[in-house]
Amino acid sequence: MRPTDGNAESGGKPAFDLGNGSALRQSQTAAVFTRLLPQVQALRGVIHAEDIANAAVFLASDEARYVNGHDLILDGGITAGRPATTRKASLAEIQRALEAIPA
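Residues numbered from 1 in each chain as written. Predicted model: local features only at pLDDT ≥ 70, side-chain atom pairs only at ≥ 80, totals over all residues. Heavy atoms only, no water.

Peer 1: I'd like a rundown of the overall build of the protein, residues and numbers included.
Peer 2: Looking only at helices and strands, the protein features four helices and two strands. Mapped in sequence order, the helices and strands of the protein form the string β-α-α-β-α-α. Residues classed as buried in the protein amount to 23% of the 103 residues present. Counted over contacts in the protein with a minimum sequence separation of 6, partners at least 24 positions apart contribute 84%. Carbon and sulfur atoms make up 58% of the accessible area of the protein, which amounts to about 7400 Å² in all. (Helix = DSSP H or I, 4+ residues; strand = E, 2+ residues; numbered from the N terminus. Buried < 20%, exposed > 50% of the residue type's maximum accessible area, 1.4 Å probe, protein only. Contact = heavy atoms within 4.5 Å. Areas by Shrake-Rupley, 256 points an atom, 1.4 Å probe, with all protein chains shown as cover.)

Set out below in structure tokens:
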């Protein structure tokens, strides 16, 4: 392991409140993301805690010795994979679909 060198992982507040509702609501929420997330995200799938942990382990490892002062964004390509106008419209569509799910 090496000393900290100013690298970081981007985190922050999730874009959507997935909540801990009923099984039906969770199923409907998953269906919204399965259907609409590919419009926003360049890479398929949803990021998991293990993905973030693996990135942190990499940044702390000797293999990242020449990575310095970098902000590693772990979002499946959302910030870089689509034009901003497309991304914004798609995120708004996801928000509307989530709000339409009964509580």
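Peer 1: So what's going on with the environment of Thr 29? Residues and values would help.
Peer 2: The residue Thr 29 is located in helix H1 (residues 23-40) in this model. With a relative accessible area of 7%, Thr 29 lands in the buried category. Considering only alpha carbons, one finds Thr 29 and Glu 99, 70 residues apart in sequence, at a separation of 9.7 Å.

Peer 1: Lay out the confidence of the model for the protein in plain terms, naming residues and giving numbers.
Peer 2: Low-pLDDT portions of the prediction should not be read for the details of their coordinates. Looking at the protein as a whole, the pLDDT averages 78, with 81% of positions reaching at least 70. Predicted confidence in the protein is weakest over strand S1 (residues 8-9), with a mean pLDDT of 55, and strongest over helix H2 (residues 49-60), with 89. (pLDDT = per-residue confidence, 0-100.)

Peer 1: So what's going on with the side chain of Ser 90? Residues and values would help.
Peer 2: For Ser 90, the position within the fold is in helix H4 (residues 84-99). The contacts of Ser 90, once residues within four sequence positions are left out, are Gln 39 and Val 40.

Peer 1: Can you tell me about the nonpolar core, naming the residues and giving the values?
Peer 2: Core analysis: the largest hydrophobic core is formed by ten residues, namely Val 32, Phe 33, Leu 36, Leu 37, Val 40, Ile 78, Ile 94, Ala 97, Leu 98 and Ile 101. Elements with a contribution of two residues or more to this core: H1 and H4. Here this core takes five residues from H1, the largest share from any one element. With sequence-adjacent residues up to four places away left out, Leu 37 is seen in contact with Val 32, Gly 45, Val 46 and Ile 94. (Core = buried A, V, L, I, M, F, W, Y, C linked by side-chain atoms within 4.5 Å.)

Peer 1: I'd love a proper account of a nonpolar patch on the surface, names of residues and values included.
Peer 2: A cluster of nonpolar side chains, namely Val 46, Ile 47 and Ile 52, defines an oily patch on the protein surface of about 240 Å² accessible area. Position of Ile 47 relative to the elements: it lies in the loop between H1 and H2. Residue classification places Ile 47 among the partly exposed residues on the basis of a relative accessible area of 39%. (Patch = residues over 30% accessible without salt bridge, like charges linked within 9 Å, V, L, I, M, F, W, Y side chains within 5 Å. Salt bridge = Lys/Arg side-chain N within 4 Å of Asp/Glu carboxyl O.)

Peer 1: Account for H4, naming residues and giving values.
Peer 2: Along its 16 residues, H4 runs 22 Å from first to last C-alpha, staying within 8% of the 22 Å computed at 1.5 Å per residue. Within H4 the residues assigned to the buried category are Arg 87, Ser 90, Ile 94, Ala 97 and Leu 98. Looking straight down H4, one finds that the buried residues subtend no more than 100 degrees of arc, so they occupy a single side. With respect to the buried face of H4, the exposed residues turned more than 90 degrees away are Thr 85, Lys 88, Arg 96 and Glu 99. Elements that come into contact with the buried residues of H4 comprise H1 and helix H3 (78-81). (Expected span 1.5 Å × (residues − 1). Arc of directions from axis to C-beta.)

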